[in-house]
Amino acid sequence: IVTEFFEYSVNSILYQRGIYPPETFKRVSKYGLAMMLTTDEALSTYISHVMRQLSEWLMVDGVRKLVLVVKGIESKETLERWVFNCENTSKENSDPSKKTSNKTQKEITQEIQAVVRQITASVTFLPLLNEPCYFDLLVYADQNATVPISWEDSDACYIICAEDVRLRSFDTKVHRVDTMVSYRVDDEV
């Protein structure tokens, strides 16, 4: 469930923020919502590759967060950071306030819908991207995780003078995902 959410969220952000042209996306129905998925073969392959690895790590509690970074092509500055913190809740201690939820699939889907709606609505408060942009996916994996050879380490791509907006979260019976977007605030505002 979590990997699938990440895949649809990444596609939605790339579409909503105009990182790729709108004609390179198709409308599909997921979570009871109209969602956009890329039709760009190279992009689809890249996202699928990352999601396959992410899924493997999630199964063994080897990932802490996924971050989608939006950078300006010309300025090389990080303009946005979409952070998806992921916590394994299936092996919590005996503290009753931290017990795994007994949510139904419908309740989980409703929580995911709320997060996706916030991602879509974010275009109303995020600053316009005034230059062509590209993105990168950063996966914060466990130190003991076996990282694919083609992957490389990256800096955290933090934003100087950032504004942070916490979005909703959801949890399955195994993972809790908290979502946040950070964006660069213009000095001239």
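Right above here is the structure, for reference.
Now for a look at the structure at hand. Computed from a predicted structure; not experimentally measured.

1. Section: the nonpolar core
Now for step 1: Ranked by internal contacts, the top residues of the largest apolar core, which has 44 residues, are Phe-5, Phe-6, Leu-14, Leu-68, Trp-82 and Phe-84.
Now for step 2: Apart from the residues lying within four places of it in its own chain, the contact partners of Leu-68 are Val-10, Ile-13, Leu-14, Glu-80, Arg-81, Trp-82, Phe-135, Asp-136 and Leu-137.
Now for step 3: Formed by six residues, the second largest nonpolar core is a distinct cluster that contains Val-67, Val-69, Leu-138 and Cys-157.

2. Observations regarding unusual backbone geometry
Now for step 1: You will see that Cys-157, though not glycine, has its phi angle at about 55 degrees, which is positive.
Now for step 2: Mapped onto the fold, Cys-157 is located in the loop between β5 (133-141) and β6 (162-171).
Now for step 3: One non-glycine residue with positive phi stands out, namely Cys-161, at about 55 degrees.
Now for step 4: Examined against the element boundaries, Cys-161 turns out to sit in the loop between β5 and β6.

3. A word on helix α3 (residues 105-121)
Now for step 1: Taking 1.5 Å of rise per residue, the 17 residues of α3 would be expected to cover 24 Å, and the 24 Å separating its terminal C-alpha atoms lies within 8% of that figure.
Now for step 2: Listing the buried residues of α3 in full gives Ile-108, Thr-109, Ile-112, Gln-113, Ala-114, Val-115, Val-116 and Ile-119.
Now for step 3: Contacts made by the buried residues of α3 are with α1 (2-16), β2 (33-38), β4 (78-88), β6 and β7 (175-184).

4. Comments concerning the sheet that holds β6
Now for step 1: Taken together, the five strands give an open sheet; going across it, the order is β5-β3-β4-β7-β6, and neighbouring strands pair in antiparallel fashion. Both outer strands of the open sheet, β5 and β6, are each paired with one neighbouring strand and no more. Each adjacent strand pair in this sheet contributes to an overall mean axis angle of 15 degrees, direction not counted.
Now for step 2: Examined bridge by bridge, strand β3 (residues 63-72) and β4 share seven bridges and lie antiparallel to one another. By the bridge assignment, Val-69 is partnered in β4 with Arg-81.
Now for step 3: Contacts between helix α2 (residues 41-59) and the sheet are confined to β3, β4, β5 and β7, with β5 contributing the most and set at about 15 degrees to the helix.
Now for step 4: In this fold α3 packs onto β4, β6 and β7, with an angle of close to 160 degrees to the strand it touches most, β6.

5. Some points on the packing of α1 against α2
When two helices pack together, their arrangement is given by the angle between their axes and by how far apart the axes lie.
Now for step 1: Between α1 and α2, the least distance of the axes is 9 Å, while the angle of their chain directions is 150 degrees. With respect to their mutual orientation, α1 and α2 come out roughly antiparallel. By crossing handedness, the relation of α1 to α2 is classed as right-handed. Seen from α1, the contacting residues are Val-2, Thr-3, Phe-6, Glu-7, Val-10, Asn-11 and Leu-14; seen from α2, they are Leu-43, Ile-47, Ser-48, Met-51, Leu-54, Ser-55 and Leu-58.
Now for step 2: Here the residues of the contact of α1 with α2 are counted per class, giving nine nonpolar, four polar and one charged.

Rules behind the numbers
- Residues numbered from 1 in each chain as written.
- Predicted model: local features only at pLDDT ≥ 70, side-chain atom pairs only at ≥ 80, totals over all residues.
- Heavy atoms only, no water.
- Core = buried A, V, L, I, M, F, W, Y, C linked by side-chain atoms within 4.5 Å.
- Buried < 20%, exposed > 50% of the residue type's maximum accessible area, 1.4 Å probe, protein only.
- Contact = heavy atoms within 4.5 Å.
- Helix = DSSP H or I, 4+ residues; strand = E, 2+ residues; numbered from the N terminus.
- Expected span 1.5 Å × (residues − 1).
- Pairing = 2+ DSSP bridges.
- Axes fitted to C-alpha atoms, helices over the stretch in contact; angles between N-to-C directions.
- Parallel < 35°, antiparallel > 145°, perpendicular 65-115°, else oblique.
- Left-handed = near helix turned anticlockwise from the far one by under 90°.
- Nonpolar A, V, L, I, M, F, W, Y, C, P; charged D, E, K, R; others polar.

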